[in-house]
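Each chain, letter by letter, is given below.
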Amino acid sequence: MIMMTGTNVNDESIGSNKNAIIIAVTIVVLAVIFMFFRDRQQKRHLESERIETQTELWQEWGPPERNRQLNNTGQDGERVL
């Protein structure tokens, strides 16, 4: 009878250890998922701030020149050096 009680205690402690490991792994997985989505959100936020700043600069200074050759032509179409 004493052996049975000892065996039951060992089985219960093994079961509780498994439960603790499952809980710990679940917490780690949830933390990793949370950090992944938080990182993506921060990247989207920084990108939108960059685009907003660029848009404000374009409104103030005009869009950047895409082709300098087009801007370096005279009235008669000849290239100005």
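Conventions used here
- Residues numbered from 1 in each chain as written.
- Predicted model: local features only at pLDDT ≥ 70, side-chain atom pairs only at ≥ 80, totals over all residues.
- Heavy atoms only, no water.
- Helix = DSSP H or I, 4+ residues; strand = E, 2+ residues; numbered from the N terminus.
- Buried < 20%, exposed > 50% of the residue type's maximum accessible area, 1.4 Å probe, protein only.
- Areas by Shrake-Rupley, 256 points an atom, 1.4 Å probe, with all protein chains shown as cover.
- Patch = residues over 30% accessible without salt bridge, like charges linked within 9 Å, V, L, I, M, F, W, Y side chains within 5 Å.
- Salt bridge = Lys/Arg side-chain N within 4 Å of Asp/Glu carboxyl O.
- Phe/Tyr/Trp six-rings, centres within 6.5 Å; stacked < 30°, edge-to-face > 60°.
- Lys, Arg positive; Asp, Glu negative; His and termini not counted.
- Charge placed at Lys NZ, Arg CZ, Asp CG, Glu CD.

Student: Help me understand the overall build of the protein chain, please; the structure alone is not making it clear to me.
Tutor: Within the protein chain one finds 2 helices and 0 strands. Across the 81 residues in the protein chain, those meeting the buried criterion constitute 0%. As displayed, the protein chain offers around 8,100 Å² of accessible surface, 61% of which is attributable to carbon and sulfur atoms.

Student: Please explain a nonpolar patch on the surface as it appears in this structure.
Tutor: On the surface, Ile21, Val25, Val29, Leu30, Ile33, Phe36 and Phe37 cluster together into a nonpolar patch covering about 670 Å² of accessible area. Relative to the assigned elements, Phe36 resides in helix α1 (residues 2-61). A residue is classified by how much of its surface remains accessible, and Phe36, at 46% relative accessible area, is partly exposed.

Student: Can you help me understand the packing of aromatic side chains in this one?
Tutor: Two aromatic rings, taken as a pair, are described by how far apart their centres are and by the angle between their planes. Per the counting criterion, the structure on display carries 1 aromatic pair. Ring centres of Phe36 and Phe37 lie 5.2 Å apart, and the angle between their planes is 75°; this geometry places the pair in the edge-to-face category. When its relative accessible area of 47% is taken as the criterion, Phe37 is described as partly exposed.

Student: What is the right way to read a negative patch on the surface from this model?
Tutor: There is a patch of like negative charges on the surface, built from Glu49, Glu52, Glu56 and Glu60. Here Glu56 is to be found in helix α1.

Student: Is there a simple way to think about the pattern of salt bridges in this case?
Tutor: Side-chain pairing between opposite charges can occur once the charged atoms of the two side chains come close. In total, this model carries 2 salt bridges according to the counting rule given. For Asp39, the salt bridge goes to Lys43, with nearest N and O atoms at 3.6 Å. Here Asp39 pairs with Lys43, and both are found in helix α1, just 4 residues apart, close to one helical turn. For Asp39, a relative accessible area of 35% gives the class partly exposed. Judged by its relative accessible area of 54%, Lys43 falls in the exposed class. Between Arg50 and Glu47 there is a salt bridge whose closest N-O contact spans 2.6 Å. Taken together, the residues span about one helical turn, with Arg50 and Glu47 both in helix α1 at a distance of 3 residues. Residue Arg50 is classed as partly exposed on the basis of its relative accessible area of 45%.

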